[in-house]
Amino acid sequence: MPKIGNIQLPDFPLLLAPMEDVSDPPFRALCKEQGADVVFTEFISSEGLIRDAAKSVMKLDIYEKERPVGIQIFGAVLESMLRSVEIVEASGPDIIDINFGCPVKKVVSKGAGAGILKDVDLMVSLTEAMVKHTKLPVTVKTRLGWDHDSIKIMEVAERLQDVGCQAISIHGRTRAQMYKGNADWAPIAEVKNNPRMHIPVFGNGDVDTPEKAMEMRDKYGLDGAMIGRASIGYPWFFKEVKHYFKTGEHLPPPSMLERVEAAKRHLQMAIDWKGEKLGVFETRRHYTNYFKGIPNFKEYRMKMVTSDDSASVFEAFDEVMQVFADYEFV
Ligand SMILES: Cc1cc2nc3c(=O)[nH]c(=O)nc-3n(C[C@H](O)[C@H](O)[C@H](O)COP(=O)(O)O)c2cc1C
């Protein structure tokens, strides 16, 4: 069974992927309750942390109930990354994860995120310095390579392991692919099957059914699955995968009551954590999935995603519960 440093994980753990504006404490709590074995914060800018920018610092909030939890940081400047390690450590996470995979221009143009895939030496030296600077396990999340013609994931994985990286999560796309096409898990499996590799290799990209998670485990032999988009507005995904692994059967989808209760708790936790305005605004993206597939739902969805006050959103949840109480999800 895989371990990250001294953290013992179950067989084929399910990891909640770091997702900007999604993987916040309320959402992580819901995913944890539904079976996520490790959760990660969204990426946090090392430059923002050292400037003490309020938005970055707030992202360091973690809670006992979500352990083991990793805080993910990104950056490309050694001093800033080392100083951020100290700041992150003070929040008491179980893992420090480095983002070497973010494809967006504003990150890549500074040589951070996936931008560093163009400079593997820097990627390795930054990781080594960070490993030496903390007692916490340092892990890396990355992509297959910069583009199709420069895939060096085997070299990257070996070298990161050699400098003390404790686990690697690989998104089966290149930076050039952004989110297009299908994730390719074959190169991730090659890394896993390299006899030199002994740290856990987690697969990431397009795991959106229990069958795909099983394929990642049984056909590709990876050590665990990191799950992103399939969990947005659907934290039950973790439980469904685990049930399928155990029984070979699909759990029935969550009932309307479970969905309404989850949406309410999500919103309430978000308000408690970041205040009414941001809580209402930033939880909106989850509702479409919470209530996916319900016919004639537009009126209620609109109310949920356009209301500026939480009372109206809670009211919409109650109306949904009344109007669609007997709706059966398939
Ligand atoms: C809304 C959103 C935000 C994301 N933010 C981050 C991030 O902060 N750090 C990171 O490493 N990856 C981030 N990602 C990438 C995901 O962690 C993951 O690698 C990608 O979505 C592929 O996995 P999936 O197919 O299971 O979603 C983000 C993805 C999405 C959809």
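None of these values were measured; they are calculated from a predicted model.

### Details of the UniProt feature "domain: DUS-like FMN-binding" (unreviewed entry) in the protein
Argument step 1. UniProt feature "domain: DUS-like FMN-binding" (unreviewed entry): in the numbering of this structure it lies at residues 15–312.
Argument step 2. Its end C-alpha atoms 34 Å apart, residues 15–312 is made of 45% helix and 13% strand.

### Let's talk about the site of the ligand
Argument step 1. Around the ligand, the surrounding shell holds 17 residues, and the nearest of these are Glu20, Gln72, Asn204, Asp206 and Arg229.
Argument step 2. A distance of 3.0 Å separates an oxygen atom of the ligand from a polar atom in the backbone of phenylalanine 43.
Argument step 3. At 2.7 Å, a side-chain N or O of arginine 229 approaches an oxygen atom of the ligand.
Argument step 4. In the shell around the ligand, the residues fall into six nonpolar, six polar and five charged.

### Structural notes on the pattern of salt bridges
For side chains of opposite charge, pairing can occur when their charged atoms come near one another.
Argument step 1. Tallied over the full model, the rule gives 24 salt bridges.
Argument step 2. In this structure, aspartate 162 engages arginine 196 in a salt bridge whose closest nitrogen and oxygen atoms are separated by 2.6 Å. In this pair, aspartate 162 sits in helix α7 (residues 153–162) while arginine 196 sits in the loop between α8 (186–193) and β9 (201–204), placing the two residues 34 residues apart along the sequence.
Argument step 3. Taking the relative accessible area as the measure of exposure, aspartate 162 reaches 48% and is therefore partly exposed.
Argument step 4. When the shortest N-O distance is used, the salt bridge between aspartate 208 and lysine 212 registers 2.9 Å.

### Some details on empty space enclosed by the protein
Argument step 1. On inspection of all chains with the given rule, the structure shows two cavities of 30 Å³ or more.
Argument step 2. As a volume, the largest cavity reaches approximately 40 Å³.
Argument step 3. Forming the boundary of the largest cavity are Ser23, Asp24, Pro25, Arg28, Thr41, Glu42, Met58, Lys59, Asp61 and Trp273.
Argument step 4. Where the lining of the largest cavity is concerned, the elements lending two or more residues are α1 (25–33) and β4 (38–45).
Argument step 5. Within the lining of the largest cavity, the residues separate by chemical class into three nonpolar, two polar and five charged.
Argument step 6. Roughly 40 Å³ of volume is contained in the second largest cavity.
Argument step 7. Its residues placed into classes, the lining of the second largest cavity shows six nonpolar, two polar and two charged.

### Considerations on the nonpolar core
Soluble globular proteins tend to bury their nonpolar side chains together.
Argument step 1. Judged by nonpolar contacts, the single largest core of 91 residues is most densely connected at Ile73, Phe291, Met304, Phe317 and Val320.
Argument step 2. When residues of this core are assigned to their parent elements, the largest contribution, seven residues, is made by helix α11 (residues 256–274).
Argument step 3. Setting aside residues up to four positions removed in sequence, isoleucine 73 forms contacts with Ile44, Leu49, Met81, Ser84, Val85, Val88, Ile96, Asp97, Ile98, Asn99 and Met130.
Argument step 4. Grouped together as the second largest cluster of nonpolar side chains are 11 residues, Ile4, Leu9, Ala17 and Phe202 included.

### Overview of the sheet that holds strand β7 (residues 138–143)
Argument step 1. Here eight strands make up a closed barrel; going around it, the order is β3-β4-β5-β6-β7-β8-β9-β10 and the pairing parallel. Between one strand axis and the next, the sheet turns through 25 degrees on average, direction left out of account.
Argument step 2. Of the strand pairs in this sheet, strand β8 (residues 168–171) and β9 are connected by four bridges, and their pairing is parallel. Residue pairing for β9: histidine 171 is matched across the bridge by asparagine 204.

### Concerning the pairing of β9
Argument step 1. Burial of the side chains of β9 extends over both faces: Val201 and Gly203 are buried on one face and Phe202 and Asn204 on the other.
Argument step 2. Once you follow β8 into α8 and on to β9, the crossover reads as right-handed.
Argument step 3. For β9 and strand β10 (residues 224–227), the ladder comprises three bridges, and the chain directions are parallel. Considered in β10, the bridge of phenylalanine 202 is made with glycine 224.
Argument step 4. Between the parallel elements β9 and β10, the chain passes through helix α9 (residues 210–218) in a crossover that is right-handed.

### With respect to the side chain of aspartate 94
Argument step 1. Assignment of secondary structure puts aspartate 94 in the loop between α4 (78–90) and β6 (95–100).
Argument step 2. A relative accessible area of 18% places aspartate 94 in the buried class.
Argument step 3. There is a polar contact of 3.1 Å between the side chain of aspartate 94 and the side chain of arginine 67.
Argument step 4. Reaching out from aspartate 94, the side chain makes a polar contact with the backbone nitrogen of valine 69 at a distance of 2.8 Å.
Argument step 5. Here aspartate 94 is in contact with Ile7, Arg67, Pro68, Val69, Leu136 and Pro137, once residues within four sequence places are set aside.

### A closer look at the environment of valine 191
Argument step 1. Along the polypeptide, valine 191 turns up in helix α8.
Argument step 2. For valine 191, a relative accessible area of 1% puts it in the buried group.
Argument step 3. Spatially, the C-alpha atom of valine 191 lies 9.6 Å from that of valine 156, the residues being 35 residues apart in sequence.
Argument step 4. Setting aside its immediate chain neighbours within four residues, valine 191 contacts Ile153, Met154, Ala157, Ile170, Met197 and Val201.

Cut-offs applied
- Residue indices begin from 1 for each chain and proceed along its sequence in written order.
- Reporting in this predicted model follows two pLDDT cut-offs: at least 70 for local features of residues, and 80 or more for side-chain atom pairs to be given and counted; totals over whole chains, interfaces and linings ignore these cut-offs and use all residues.
- Calculation of side-chain values draws on the structure's entire complement of heavy atoms; hydrogens and water are dropped beforehand.
- UniProt positions are given in the numbering used here, feature names are shortened, and annotations may be inferred rather than shown by experiment.
- Strands here mean DSSP runs of E at least two residues long; helices mean DSSP runs of H or I at least four residues long; both are numbered from the N terminus.
- If even one non-hydrogen atom of a residue comes within 4 Å of a molecule or strand, that residue is called near it.
- Counting of polar contacts relies on pairs of N or O atoms within 3.5 Å, with two restrictions inside protein: one atom must be capable of donating a hydrogen and the other of accepting it, and residues adjacent in sequence are counted only when both atoms are side-chain atoms.
- We call Asp, Glu, Lys and Arg charged. Ala, Val, Leu, Ile, Met, Phe, Trp, Tyr, Cys and Pro are nonpolar, and the rest, Gly among them, are polar.
- Should a side-chain nitrogen of Lys or Arg be within 4 Å of a carboxyl oxygen of Asp or Glu, the pair is scored as a salt bridge.
- When accessible area is computed with a 1.4 Å probe and restricted to protein chains, residues below 20% of their type maximum are described as buried, those above 50% as exposed, and intermediate ones as partly exposed.
- Only protein atoms enter the 1 Å grid used here, on which a cavity is any set of points holding a 1.4 Å probe that cannot leave and a pocket is any open set flanked by protein within 12 Å on both sides along at least five of seven lines; residues with an atom within 4 Å of a point are listed as lining.
- Grid points are joined across faces, edges and corners, and a volume is the space filled by probe spheres set on the points.
- Put simply, a nonpolar core is a bunch of buried Ala, Val, Leu, Ile, Met, Phe, Trp, Tyr and Cys residues held in one set by side-chain atoms that sit within 4.5 Å of each other.
- Any two residues having at least one pair of non-hydrogen atoms within 4.5 Å are treated as being in contact.
- Two strands pair if DSSP finds at least two bridges between them.
- Each axis is a line fitted through C-alpha atoms, taken for helices only over the stretch in contact, and angles between the N-to-C directions span 0 to 180 degrees.
- A crossover counts as right-handed when, viewed with the strands pointing away from the observer, the path leading from the first strand over the helix to the second turns clockwise.

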